[in-house]
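# Structural features, examined
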Amino acid sequence: MKEGFENRILIQNIRKFLLHEYIPIMVRAFESDARRRCVTQRSIYVILRGNKDTRTYINQTFSVAYSSRAVWLLFLDTNAYLEEFFTDINIPFDCEFLVAQSQNGDVIALTEVYRVSPTLPLQTYRFGNWSPGGGLTWPSQGFYQRRNNLQGHVIRATYKSEPITVNVVKEANGSYKTEGYFGQIWGIMADLVNATPVYQAATSYGSKSGNGSWSGMVALVSSGEADIGIGDFTATAERSHVVEFIDTVEFSSIKVFIKIPNSSDMVWNSYVAPFSYGLWLAVAISGCALCVCLTITNFSHDGQKEKQSLMVSETVFYIFGCLCQQGQREAVNRTAGRIVTLTAYVMSLVIFVGYSASLISSLAVQPRNLPFRDLQGLLYDGSYSLGVLQNSSFLNIFDGAVGGLESEVYKKLIGPFKSDLPSTNDEAFERVCTRNRYAYMCSHFFSQIVPCQLVALPGTSYPETLTYIITKNNPYKSLINWRLAQVRESGLQERIRQRYITLKKPDADRSTTTVGLLAIAPILVVFAAGNIMSAFVLMIERCIRGNAFRLWLDGNIRRPYNNEYQQLVRIRRHPRIHVMPNRRPLRVR
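Residues numbered from 1 in each chain as written. Predicted model: local features only at pLDDT ≥ 70, side-chain atom pairs only at ≥ 80, totals over all residues. Heavy atoms only, no water.

## So, the overall build of the protein
Basically, it comes down to this: Strands are runs of DSSP state E lasting at least 2 residues, helices are runs of H or I lasting at least 4, and numbering of each runs from the N terminus. Burial classes follow relative accessibility: with a 1.4 Å probe on protein chains only, a residue under 20% of its type's maximum area counts as buried, one over 50% as exposed, and anything between as partly exposed. The contact rule is simple, with two residues in contact once any of their heavy atoms fall within 4.5 Å. Accessible surface area values rest on a Shrake-Rupley calculation with a 1.4 Å probe, where residue burial reflects the displayed protein chains alone.
Secondary structure summary: the protein contains 17 helices and 19 strands in total. Buried positions account for 36% of the 589 residues belonging to the protein. Of the contacts formed within the protein by residues at least 6 apart in sequence, a portion of 67% connects residues at least 24 apart. Accessible surface, the protein as shown: approximately 36300 Å² in total, 56% of it carbon and sulfur.

In structure tokens:
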């Protein structure tokens, strides 16, 4: 802008008026190379003359810099034509550029100009009027209510095929249809803005390598080969340096999943776990005390002779039978012994009820005893391998870490298997279900499609936002954000979520659990071991008693006039003859 004397006076008057209203102003010439932009507030650029220098300045400004954040106001002569003035000048779609022209004397007409793309014609919209008497009038419609049509502009979209997120299907008429949660939302927004998407498949989302380069869809979008990336991209600080993110589509969390440990495995301490070790010790001491009390109370006095109806060993089995709630063949006759027996039965009842309730609930509910609860426990366990998606943001969490827990996890659990990382989430969950001791880190969003029952480690939950990626300074980003908000407010997003995401029921809603054979294996083993041991002891007893009987016979053969020996010989020879013991004859008086 060439400043003449008249222009200087006009600028000084405008500056004085704005400063009086506490509005900061800066004046500079077109020839100045200084580029200043207010970083706290939205700037307004006012150009007082529309001439050849103005066209050159506007063309250079919008070709080398992103100036859509500011509001532009150009004063153009009444006889100038907008289409002729803005020939070969690309006013971006998201730029608010107003042209003021005098009409009918004092009325100033404000016209909004922009282009959908550099190759499409200039679009104009009558924004409002200004007059000294009526002031400024402007439209009631919002910015993107006035600019909601891309007129079939081609948008290059890249995607990675995932059944639950994005899948592009070619229909019979040659058009493409997007499926999946993120794919269907994008398809609705593309129809609303009247865009023509062209899809390009990719093999990965994209991660940053050691030399700073990117791969996958992030590389395609950052290099300009694609305009937008369709998928569940995790918004990270590293990605924000090369691409931009659309407003959040879904909130999720990053978790580590493992296969649910089989609670029916043979765990020998499961049958002693209902009681603590201190309680078991108290029960044992109480049983011994009852045996001592019953032994003491079992002595009776018959004149000068003491006799005992139960031996000490029999007393032990007697109390053990009471604790097992078994009836006894021999009854205790003394009152003190009966009190001891009653105490044993009451004690056994209380213990049996508490133990049975705890044991039955543990077998029926089958609580999940996780081998570890966080990454630290996973690393300390050492028997698991950790998988992440190839060329994803999850991989950069570990391979980009400098020291700390993440670095150790990468060196021991991920790095040795980096060439064998899964390429899709379906493949990863299949490994978790089929391989032994395999963990997988991913978004909780994908835990709805697993082929088996998995559990997320409680200490590995990190919040994340899932959305699309778009090129830097893309003029259609704000329009897409506006349409995304409309899709969310209209309920379409919730309907799509219910279609593709089936929330799992909590554990309390599960059906009755069947107790398997392995759950009672310890009982069966104890039962079989008891029978085998009793049979073995019985054989030993028969052998010992048989040898003792033979020795007793051999000792009595040497005494042929032994009465007991003669009776035994007669019984063996004549089984029907009963030899009565010698009795004194009765005397009848």
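## A look at the pattern of salt bridges
To be explicit about the condition: By convention in these notes, a salt bridge is any Lys or Arg side-chain nitrogen within 4 Å of a carboxyl oxygen on Asp or Glu.
All chains considered together, the criterion is met by ten salt bridges. Between arginine 497 and glutamate 250 there is a salt bridge; the shortest N-O distance is 2.8 Å. Taken together, the positions of arginine 497 in helix H15 (residues 492-500) and glutamate 250 in strand S13 (residues 250-259) put the pair 247 residues apart, joining distant regions of the chain. We classify glutamate 250 as buried; its relative accessible area is 11%. Here arginine 431 and glutamate 427 are joined by a salt bridge, their closest N and O atoms 2.9 Å apart. Highlighted residues: arginine 431 and glutamate 427, both in helix H13 (residues 425-434), separated by four residues, approximately one helical turn.

## Notes on the packing of helix H7 (residues 277-297) against helix H8 (residues 312-323)
Here is the rule we go by: Geometry is summarised by axes, namely lines fitted to C-alpha atoms with helices restricted to the contacting stretch, and by angles between N-to-C directions that run from 0 to 180 degrees. Here the angle decides the label: under 35 degrees means roughly parallel, over 145 means roughly antiparallel, 65 to 115 means roughly perpendicular, and every other value means oblique. What makes a crossing left-handed is the near helix being turned counterclockwise from the far one by less than a right angle; a clockwise turn instead makes it right-handed. The classification used treats Ala, Val, Leu, Ile, Met, Phe, Trp, Tyr, Cys and Pro as nonpolar, Asp, Glu, Lys and Arg as charged, and all other residues, Gly among them, as polar.
Taken N-terminus to C-terminus, the directions of H7 and H8 make an angle of 130°; their axes are 9 Å apart at the nearest point. Considered as vectors, H7 and H8 are oriented oblique to each other. At the point where H7 passes H8, the crossing takes the right-handed sense. Residue-level inspection shows Gly287, Leu290, Cys291, Leu294 and Thr295 of H7 in contact with H8, the latter providing Val312, Thr315, Val316, Tyr318, Ile319 and Leu323. In the contact of H7 with H8, the residues fall into eight nonpolar, three polar and no charged.

The quantities given are spatial measurements derived from coordinates; they are silent on function.
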